[in-house]
Amino acid sequence: MAEDLSNQHPEDLFNLTIDDLQRVVVEEFGQPAFRAVQTFEWVYSQGVTAFSEMTNLPPALRKSLEGRFYFPEARVADRQISSDGTRKYLLEVDQGQLVESVMIKQPTRMTLCVSSQVGCGMGCAFCRTATMGFRRHLSTSEIIRQVRAVIKDAKNFGDSFSNIVFMGMGEPLHNFKGITGAIKILTHQKAFSIAPRRITVSTVGLVPAIQKFGESDLKVNLAVSLNATTDEVRQAIMPV
């Protein structure tokens with residue numbers, strides 16, 4: 001018998017990986033796991049967020065999902081375009097909390113640079129974000145919402161991105177849970193279906209987190225920012 005969820009507040013679906021959604025569908029609604037995959041395809045591949053329009057799902061499940069989840073979106077607060085076509089976005093992800101995403105124009109492709117935190121606690125001397133200090137981690141949803149907002153706006157320019165880098169505001173590996181959840185959604189075949197080799201996570205060098213990240217088997221690229229030729233200079237400008 002399905003659990004009574006009448007008093008439960010709706011949950012942000014963009015926070016859920018396919019494994020998370022399958023647990024809800026199976027354990028709470030008593031439906032087979034493939035219904036979660038179908039839902040993922042509607043939401044991410046087809047861009048449908050009205051459960052009533054997900055016609056291959058049973059009506060009872062659609063009603064249950066409608067009461068269980070909601071779909072927040074990021075708002076484009078500002079957009080600046082450089083002479084080479086690169087676009088910088090200021091996105092409001094949650095009631096006044098602003099982060100930056102950048103569509104980087106390159107000779108043969110567009111690369112989307114996304115943020116992982118509001119502010120940053122690493123204190124690199126050359127980084128403007130460091131002057132904000134660390135405010136909070138972005139949720140998986142807030143990372144995914146950045147991507148969705150840029151995809152939507154990119155239609156105005158007739159382009160899209162082929163690569164993603166976690167190199168915006170924040171230290172990605174400091175927000176391990178948020179970025180790994182987002183990567184699982186970005187690479188899922190029924191979601192964004194981005195090849196892992198086209199995703200790069202940049203880090204200042206959080207060694208324990210690097211080891212944990214390698215063990216996670218996400219198969220994406222890892223970039224370590226050096227910015228100096230000696231440990232002494234690096235420690236002075238990057239006090240990790």
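Within each chain, residues carry numbers counting from 1 in the order of the written sequence. At least 70 in pLDDT is required for a residue's local features to be given in this predicted model, at least 80 for side-chain atom pairs to be given and counted, and no such filter applies to totals for whole chains, interfaces and linings, which use all residues. For the side-chain quantities, the full set of heavy atoms in the structure was used; hydrogens and water were omitted.

### Some words on the overall build of the protein
- Only DSSP runs of H or I covering at least 4 residues are called helices, and only runs of E covering at least 2 are called strands; the numbering of each starts at the N terminus. Looking only at helices and strands, one finds seven helices and 11 strands in the protein.
- The C-alpha extent of the protein, read off along each of the three principal axes, is 65 × 40 × 35 Å.
- A contact between two residues is defined here by any heavy atoms of the two lying within 4.5 Å. Contacts spanning at least 24 positions in sequence make up 55% of the contacts within the protein whose residues lie at least 6 apart.
- Exposure was quantified through the Shrake-Rupley algorithm and a 1.4 Å probe, taking into account, for residues, occlusion by the shown protein chains and nothing else. Accessible area of the protein: about 12400 Å², with a carbon and sulfur share of 50%.
- Across the protein, the centroid of the 26 positively charged side chains sits 5 Å from that of the 25 negatively charged ones. For the purpose of charge, His is not counted, nor are the chain termini; Lys and Arg are scored as positive and Asp and Glu as negative. A single reference atom marks each charge: NZ on Lys, CZ on Arg, CG on Asp, CD on Glu.

### Here's the deal with the side chain of Glu28
- Residue placement: Glu28 occurs in helix H1 (residues 18–28).
- Glu28 gets classed as buried once you look at its relative accessible area, which sits at 14%.
- N or O atoms within 3.5 Å of each other form a polar contact, as long as, within protein, one can give a hydrogen and the other can take it, and as long as residues adjacent in sequence are counted only when both atoms are side-chain atoms. Polar side-chain contacts of Glu28 include one of 2.9 Å to the side chain of Arg68. Buried residues are those whose accessible area, probed at 1.4 Å on protein chains only, stays under 20% of the maximum for their type, while exposed residues exceed 50% and partly exposed ones sit between those limits.

### Structural notes on the sheet that holds strand S5 (residues 97–105)
- Strand order across the open sheet formed by seven strands is S3-S4-S5-S6-S9-S10-S11, with mixed pairing between neighbours. Each edge of the sheet is formed by a strand with only one pairing partner; in this case those strands are strand S3 (75–81) and strand S11 (221–224). Looking at each pair of strands side by side, their axes are set apart by 20° on average, direction ignored.
- In terms of strand pairing, strand S10 (residues 199–203) meets S11 through four bridges, oriented parallel. In the strand pairing of S11, Thr200 is matched with Asn221.
- Working convention: axes come from line fits to C-alpha atoms, limited for helices to the stretch in contact. Angles between N-to-C directions cover 0 to 180 degrees. Lying on the sheet, helix H4 (residues 140–154) is in contact with S3, strand S4 (87–94), S5, strand S6 (110–114) and strand S9 (163–166); it crosses S4 at an angle near 135°. Here, any two strands with at least 2 DSSP bridges between them count as paired.

### Quick word on the state of the cysteines
- Sulfur atoms of two cysteines make up a disulfide when they are within 2.5 Å. Under the criterion given, the structure shown has zero disulfides.
- Cys124 forms no disulfide, and the closest cysteine sulfur to it belongs to Cys127, at a distance of 6.2 Å.
- Cys124 sits in the buried class, given a relative accessible area of 9%.
- Lacking any disulfide linkage, Cys127 is separated from the closest cysteine sulfur, that of Cys120, by 6.2 Å.

### Considering the pattern of salt bridges
- Just to be clear on terms, a salt bridge is a Lys or Arg side-chain nitrogen sitting within 4 Å of an Asp or Glu carboxyl oxygen. In this structure the tally under the stated criterion is 12 salt bridges.
- We note a salt bridge from Arg145 to Asp12, for which the minimum N-O separation is 3.5 Å. Here the residue Arg145 occupies a position in helix H4, and Asp12 occupies one in strand S1 (residues 11–12), the gap between them amounting to 133 residues.
- Under the relative-accessibility criterion, Asp12 is labelled buried at 8%.
- Beyond isolated ion pairs, a larger network of salt bridges with shared partners links Glu11, Glu28 and Arg68.

### Looking at a nonpolar patch on the surface
- A contiguous nonpolar surface patch, about 250 Å² in accessible area, is contributed by Leu222, Val224 and Leu226.
- Its location among the elements puts Leu222 in strand S11.
- By relative accessible area, which is 36% here, Leu222 ends up partly exposed. Residues qualify for a patch when their relative accessible area is over 30% and they have no salt bridge, like charges being joined within 9 Å and the nonpolar side chains of Val, Leu, Ile, Met, Phe, Trp and Tyr within 5 Å.

### Digging into the packing of H4 against helix H5 (residues 176–187)
- One can describe the packing of H4 onto H5 by two numbers: an axis separation of 8 Å at closest approach and a directional angle of 50°. Here H4 lies oblique to H5, going by the angle between them. Between H4 and H5 lies a crossing whose hand is right-handed. From H4, Thr140, Ile143, Ile144 and Val147 reach across to H5, where they touch Lys177, Gly178, Ile179, Gly181, Ala182, Ile185 and Leu186.
- Charged residues are taken to be Asp, Glu, Lys and Arg, nonpolar residues to be Ala, Val, Leu, Ile, Met, Phe, Trp, Tyr, Cys and Pro, and polar residues to be all remaining types, Gly included. Considered class by class, the residues forming the contact of H4 with H5 number seven nonpolar, three polar and one charged. In these notes the angle categories are as follows: under 35 degrees is roughly parallel, over 145 is roughly antiparallel, 65 to 115 is roughly perpendicular, and the rest is oblique. Left-handed describes a crossing whose near helix is turned anticlockwise from the far helix through less than a right angle; right-handed describes the clockwise counterpart.

### Notes on the packing of aromatic side chains
- When two rings of Phe, Tyr or Trp (its six-membered ring) have centres within 6.5 Å they constitute a pair, described as stacked for plane angles under 30 degrees, edge-to-face for angles over 60, and tilted for the intermediate range. Taken as a whole and assessed by the stated rule, the structure comprises six aromatic pairs.
- Aromatic side chains Phe14 and Phe71 sit 5.5 Å apart centroid to centroid with 65° between the ring planes, which places their arrangement in the edge-to-face category. Of this pair, Phe14 sits in the loop between S1 and H1 while Phe71 sits in the loop between strand S2 (69–70) and S3; the two residues are 57 residues apart in sequence, bridging distant segments of the chain. Considered together, Phe14 and Phe71 belong to a single accessibility category, that of buried residues.

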